[in-house]
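One-letter residues, chain by chain:
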Amino acid sequence: MPHQAADWAAEVHEVHTVTTTGEARDRIERYNPTAIEPKWQERWADLRLYDTDLYDDSRPPFYLLTMYPYPSGALHIGHWYITTPTDAIARYRRMHGDNVFLPIGFDAFGLPAENAAIKNKINPRAWTSANMENMRRQLRTMGSTFAWRHEVVTCDPAYYRWNQWMFVKFLEKGLAYRSVSPVDWCPNDGTLAREQVEGVERRCWRCGAQVEKRELAQWYLRITDYADELLDFTGLDWPEPIRSMQTNWIGRSSGAEVDFESAPMLHHAGGEPIRVFTTRPDTLFGATFMVLAPEHALVSPLTAPDRRAEVEAYVAAAANKTEINRLSTDREKTGVPIGADAINPVNGERIPIFVADYVLGGYGTGAIMAVPAHDERDFAFAKAFDLPIIKVVMPRDGDPDEELTQAFTAHTIDEVMVNSGSFTGRPAAQAWHEIVSSLGDQGKGEQAVTFRLRDWLISRQRYWGTPIPVIHCTDCGPVGVPEADLPVLLPDEVDYRGSGDNPLTRDEAFLACSCPQCGKPARRETDTMDTFIDSSWYWFRYLSPHKNDGPVDSDLVRRWTPVNQYTGGAEHAVMHLLYSRFFTKAMRDLGLVHENEPFTKLFNQGQILGADGERMSKSRGNVQDPDELVSRYGADAVRLFLMFMGPWDQGGPWSPTGIGGVAKFLGRVWTLALDPHGREPADPLSGQLPAGETDALARDRIRAAAHRTLRDVSVDYEGFRWNTMVAKLMELSNTLARYRGSEVAGLPEWDEAIRMLLLMLAPAAPHITEELWSRLAEARGESWTSIHTEEWPRVDETAIVEATREVPIQINGKLRDKITVPAGITDIELEQIVRSRDKVVAAIGGAEIAKLIVVSGGKLVNIVLRG
RNA sequence: GCCGGAGUGGCGGAACGGUAUACGCGGCGGUCUCAAACACCGCUGGCCGAAAGGUCUUGUGGGUUCGAAUCCCACCUCCGGUACCA
C-alpha cells in the first residue's frame, strides 16, 4: 500500500535537522551526523580496525555470525534491525578484550533472481551482482564492523563447487539418493513453489494455468539418518521455543509396525500383507477399520472392481489437496471404502479398508489401523461413516460398557485393558509391550520408531542454483561427477523463454557429456540444489573464502568454530537452523570439521513488518528504505531507534514515530560532552543545583547515577535488551542535564560520568561517540585513540550504596502508604515503624491483623486483615 | 488444522510473583523569539472529588496466592513456520 508509506514520509519531512540547545548554538558546533559518519567509517576502514586477524592468539576468539542477506535489490529497515544490534554485540565484545570475527556475505542463488530475469529479461547473475553492489554500499553506511575481506558469495563457482564436492561425497556415502516424489507442476512454468500456487483453484501465479501434481525423480539427503542426534540439544544455549519447534518438527514417535493380512475377496484371506505403524499397539483389539493413504501402493491392487471408479476419483481429488488442508482436524472427514478387508492379526477379525486423505503417504507406512475409541481423527471418521467403536483401554475404575462421546486418549499409567481377549484386565502400559512381543513371535510385527521429519528434497527444476554434479548414463545410471572435473559450471548465457521452466534442459552444450565410468556419451543432470544447501555451511567458508584445495581450513575451523553467537530471524526455526545442524554433523562424519553443532548460542530477533502489519515486500509496496532515514537523522540515530523501539525478539509493524526522540537524545549527549558549562536561557533554574542539594551531595549523586547505569546497562547488553539499555542511558543524560552549567559541571565526577556515558553508548552509536571521544582528547591535548579500542568501564559498587530506601506498605495487597527508612534497618524495626504510622492505623481501623508479611530484605510490607 | 510466539495508557513500550504504566512519542500549558521553527521547563491512564483522597484498569472468563501483567486452565485476536520464498 504505497499511500501508507507516503503518510509517514510526510510526517518525517516535518521534523527538521537536529540542533543543539539554547545558547550552546553560539558556543559549539551543531551535531551534524552527515558530516561525522562517513569520516569515521573511512577512518576505521583505513586503520583496518575491524579486520580480524584469525591467527591472533593473544585474545579469546569470538565468532559472531548473523544470517547473511539475500541480495533482493536494496536493504530495507529489517536488515538494519538484524544487523546493527549484532554490530553492537561485536563492539561490546571487543571492549571486553575478545578477538571478534563478524563476517558478511550474500545468499546469492534463488528464485527471486530468476523471477526478475523472466520479468525483465535480465541475466540473473547481472541482476544479483548489481543488487549486491548496491547493498554493500548500504551496509557500509551502517557503520558496522564487518570483516569484508572474508565475504562469501554463494553464486560464485569458488563457493558452489564445494556444494558439489560435498554432494559427491554424500553420494559415495549413501547419504544422497534419488527417489520419485510429486511436485506442483504448471505446464508452462514447470515446478512451482507453494506460494506460486494461488487459490483453492490452484492456478499458476504467472500464467494462470491449472496446476497439477507430477511425479519426478529427484535427489534427497538422508537427514532422517540424523533424526535422533538432532533431537539432542545438549550444550546449546538456544531459545526454548526454537528447540521445541525443532523437536516437534522431527516428531519422533515410538510404537510398532504391524502386518495385517489383506483379504481382497469376500471370504478369502491370503492377500498381500499391509504394514501399519501405530503408537498404540495396546489398542489393537479396538481396530474396527483400516485406512490407506491415497498414495499407498496397494490401493489400486486391492480395490474391488465395483469400487474402482469411486476410489480412483477420490485418489485423483486428494492429489490436488494441500497437506495443510488434508491434516486439518476440524475438516469434515472424507474417504471411500475400497471393497476389500484386512485381517486383524490379534483376533483374526475382518475389518473394512478405506482410502482417506487424512492419512499421508509419506508418514509411517502410509497405512493405519483405525481405533476410533482411542484416536480423535479415527473417532470422527467412524462417526461420519457409522463404523463400530470398541473401547479397549479405560481407567482402572471405568465402566467397560459406557458409550464414548469422544475418543479416550488420556494414556495414563493407571489404565487397564478391556474387550481385548486374553489381555483383558492387564495394565495397558504392560499390554503395550506384551502385544508387540506376541506379534513378534508370530512374525507379524515389531517395535518401531518413526519420524515426522522427512528426508531433505534438494532437487530444484531451476536454473539459478548449484548444478547437481551428476551424469546420467544409459548403461551406468546416475554417476557422480569426479572431483577432478568439479566444478560443474552453471552456464551464464541460457535461453529464457519468458517462463519459469528450467533453461538448462534446453542447453545442449551443458547437457552433452560423457560417462565418467564407461566413457559413452551421456547427459548431465539439470536439477540444481536447494539454496538451503548454500546456507548450511557458509560460516565455515567465511574463515577461508579463497581456499581452493578444499571446502574448509581445518586449522581455522578448530580455532573459531562452533560459532559463539548466531543472530537472525525466528522464521528460520525449523528449516535453515535444522539443515545447518544436519550439515555440520554430516561434515563431521566426512572428517571435515570436529564439532557436533554449528551455533553454540542463538538469538532470534523479531521481524519488522511494513506499516500495514504485513511482511515487507516490494510487491506490497510497504518497504522502508533506510537510506532516507540515514540521510535525515544519521546512522547512529537509526541504529539507536531500532534498538529503542522494543524488545529485539519481538519486531512488529514499522513506524518511524519516535525516531526524533532518539535524535534529540544524541543531540543532548553532544551538548553535555562539548558544553558542560552552558545554560538553558529558557529555564530559570538552569545552572543551579537542585533545591537543597549541596556540592558534595550533587557530586555523589552524579557518580551514583553513572555507576548504577553502568551496572544495569551491562546486564542489558549481555541479554541484548537494547530498549531498556537505551532508556537507562537517556535517564543518565537527563540526570546530567540537570547539573549542566552548575558548579559541579566539569568536576572530576562529571567528567567521569560523561566518559562512562560515551563508553556505554559507543557500541550502539559508534560515530557520535567516536567524534566526541576524539574532541575531548583534543581538548585535553592528548592524541587520538579510538573509543572502540577502549575497555568497558568497571562498576564502583561503593558509589552506588544508598543511605535510605523507600518501603511501600500494603493492606490486603493494596498500596496504602510509603515510608523512607535507613538502609540498614532490621525487619523488626521496620514492622514497629509501620504499625505506628497514622495512615496505617487509620486504614486498619478496628480490624484485627491476621498476618504481617515483610517481603525479602524489607522491600515491602503487607498487612493482612482478618475477615 | 498443527507447531511456536505475542496481546499493558492516544502510540512504541517498562515492570526477580511484591509501588502497573520506567524511557520515548504524541497532546496540553509555559519560557526563549519581532514572529516562527529549533531548544528548554512543567503537566499528562479512566472515573468520582474543590482538594485531601478514593476507586477502577494489563485481550476475555475462571483458578492458585497474603499479594498475579507475571503462575495454572479455557477461550478470542494477531504474527511466524508448515518441507520448492529466503
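Residues numbered from 1 in each chain as written. Chains lettered and ligands numbered in written order. Predicted model: local features only at pLDDT ≥ 70, side-chain atom pairs only at ≥ 80, totals over all residues. Heavy atoms only, no water.

Before going further, it helps to spend a moment on the overall build of chain A. Check the secondary structure of chain A and you find 29 helices and 33 strands. Reported as C-alpha extents along the three principal axes, the dimensions of chain A are approximately 105 × 85 × 55 Å. Taking all 867 residues of chain A together, 52% fall into the buried category. For chain A, the accessible surface area stands at approximately 38400 Å², while carbon and sulfur atoms represent 51% of it. (Helix = DSSP H or I, 4+ residues; strand = E, 2+ residues; numbered from the N terminus. Buried < 20%, exposed > 50% of the residue type's maximum accessible area, 1.4 Å probe, protein only. Areas by Shrake-Rupley, 256 points an atom, 1.4 Å probe, with all protein chains shown as cover.)

Moving on, we get to the sheet that holds strand β27 (residues 599-605). Pairing in this open sheet of four strands is parallel, and the strands run β2-β1-β26-β27 from one edge to the other. In this open sheet, the two strands that pair with only one neighbour each are β2 (99-101) and β27. The sheet shows a mean angle of 20 degrees between the axes of neighbouring strands, direction not considered. Of the pairings in the sheet, the one linking strand β26 (residues 563-569) to β27 comprises six bridges and is parallel in character. From the neighbouring strand, Gln-565 faces β27, where its bridge partner is Lys-601. Packing against the sheet, helix α19 (residues 576-589) makes contact with β26 and β27, and its axis sits at approximately 170 degrees to β27. (Pairing = 2+ DSSP bridges. Axes fitted to C-alpha atoms, helices over the stretch in contact; angles between N-to-C directions. Contact = heavy atoms within 4.5 Å.)

For helix α14 (residues 428-441), spanning 14 residues, the distance from its first C-alpha to its last is 20 Å, which sits close to the expected 20 Å at 1.5 Å a residue. Those residues of α14 that sit buried are Ala-428, Ala-431, Trp-432, Ile-435, Val-436 and Leu-439. Angular distribution of buried residues about the axis of α14 spans 135 degrees; they occupy a single face of the element. Gly-443 lies just past α14 and shows a positive phi near 70 degrees. (Expected span 1.5 Å × (residues − 1). Arc of directions from axis to C-beta.)

Formed by 170 residues in total, the largest nonpolar core has its most connected members in Phe-582 and Phe-583. Look past the residues within four positions of Phe-582 in its chain and what remains in contact with it is Leu-175, Leu-221, Arg-222, Ile-223, Tyr-226, Leu-230 and Trp-456. (Core = buried A, V, L, I, M, F, W, Y, C linked by side-chain atoms within 4.5 Å.)

Across the interface, helix α7 (residues 157-173) lies against α19 with an axial gap of 11 Å and an inter-helix angle of 70 degrees. By the angle between their directions, the pair α7 and α19 is classed as roughly perpendicular. Side by side, α7 and α19 meet where Met-166, Phe-170 and Lys-173 of the first sit next to Phe-583, Ala-586, Met-587 and Asp-589 of the second. (Parallel < 35°, antiparallel > 145°, perpendicular 65-115°, else oblique.)

What follows concerns the environment of Lys-601. Its location among the elements puts Lys-601 in strand β27. Residues Lys-601 and Ile-89, spaced 512 residues apart in sequence, show a C-alpha to C-alpha distance of 13 Å. Among residues more than four places away in sequence, those in contact with Lys-601 are Asp-237, Trp-238, Val-563, Asn-564, Gln-565, Tyr-566 and Glu-718.

What follows concerns the pattern of salt bridges. Scanning all chains against the criterion turns up 61 salt bridges. As a salt-bridge pair, Lys-520 and Asp-475 come within 2.1 Å of each other at their nearest N and O atoms. Linking Lys-520 in the loop between β23 (512-514) and β24 (521-524) with Asp-475 in the loop between β21 (470-473) and β22 (477-480), this pair joins segments that are 45 residues apart in sequence. What makes Lys-520 partly exposed here is its relative accessible area of 40%. Glu-752 is paired through a salt bridge with Arg-703; the nearest N and O atoms lie 3.0 Å apart. Residue Glu-752 is found in helix α25 (residues 748-761), and its partner Arg-703 is found in helix α23 (residues 695-718); the two are separated by 49 residues along the sequence. For Glu-752, a relative accessible area of 24% puts it in the partly exposed group. (Salt bridge = Lys/Arg side-chain N within 4 Å of Asp/Glu carboxyl O.)

Scanning all chains against the criterion turns up 44 aromatic pairs. An angle of 45 degrees between the planes, with centres 5.6 Å apart, marks the rings of Phe-109 and Tyr-160 as tilted. Here Tyr-160 lies in helix α7 and Phe-109 lies in the loop between β3 (105-106) and α5 (111-120), a separation of 51 residues in the sequence. Since its relative accessible area comes to 1%, Phe-109 is described here as buried. For Tyr-160, a relative accessible area of 0% puts it in the buried group. Taking the centre distance of 5.3 Å and the plane angle of 85 degrees together, the rings of Phe-603 and Phe-720 count as edge-to-face. Here the residue Phe-603 occupies a position in strand β27, and Phe-720 occupies one in the loop between α23 and α24 (722-739), the gap between them amounting to 117 residues. Each member of the pair Phe-603 and Phe-720 is classed as buried. Lying across the ring of Trp-238, Arg-581 places its NZ or CZ 5.8 Å from the centre. (Phe/Tyr/Trp six-rings, centres within 6.5 Å; stacked < 30°, edge-to-face > 60°. Lys NZ or Arg CZ within 6 Å of the ring centre and 35° of its normal.)

Here we take up unusual backbone geometry. Residue Pro-487 is reached from Leu-486 by a cis peptide bond, and omega for that bond is 0 degrees. Of note, Pro-487 is situated in the loop between β22 and α15 (508-511). Positive phi values are uncommon outside glycine, yet Asn-419 reaches one of about 50 degrees. Its place among the elements puts Asn-419 in the loop between β17 (415-417) and α14.

Disulfide: a covalent bond formed between the sulfur atoms of two cysteine residues. Throughout the structure, instances matching the rule amount to zero disulfides. In this structure Cys-204 is a free cysteine whose sulfur lies 3.7 Å from that of Cys-207, the closest cysteine sulfur available. (Disulfide = S-S within 2.5 Å.)

Time to look at the confidence of the model for chain A. For chain A, the mean per-residue pLDDT works out to 89, and 96% of the residues sit at or above 70. Scored below 50 in pLDDT, residues 1-25 shows 40 contacts in the model against residues more than four places distant or in partner chains. Model confidence for the complex is summarised by a pTM of 0.92, with the ipTM given as 0.95. (pLDDT = per-residue confidence, 0-100.)

Within the secondary structure, Arg-30 sits in the loop between α2 (24-27) and α3 (33-47). Of the residues examined, Arg-30 reaches a relative accessible area of 42% and is grouped as partly exposed. Along the primary structure Arg-30 and Leu-640 are separated by 610 residues, whereas in three dimensions their C-alpha atoms are 19 Å apart.

Strand-to-strand pairing in sheets goes through backbone hydrogen bonds, with the strands running parallel or antiparallel. As summarised here, the arrangement of the four strands in space is β31-β30-β33-β32, forming an open sheet in which the pairing is mixed. Each edge of the open sheet carries a strand with a single partner, namely β31 (814-822) and β32 (849-855). Direction aside, neighbouring strands of the sheet carry axes that sit 20 degrees apart on average.

Quick look at the pairing of β31 now. Of the strand pairs in this sheet, strand β30 (residues 804-811) and β31 are connected by eight bridges, and their pairing is antiparallel. Paired with Ile-811 across the bridge in β31 is Lys-814.

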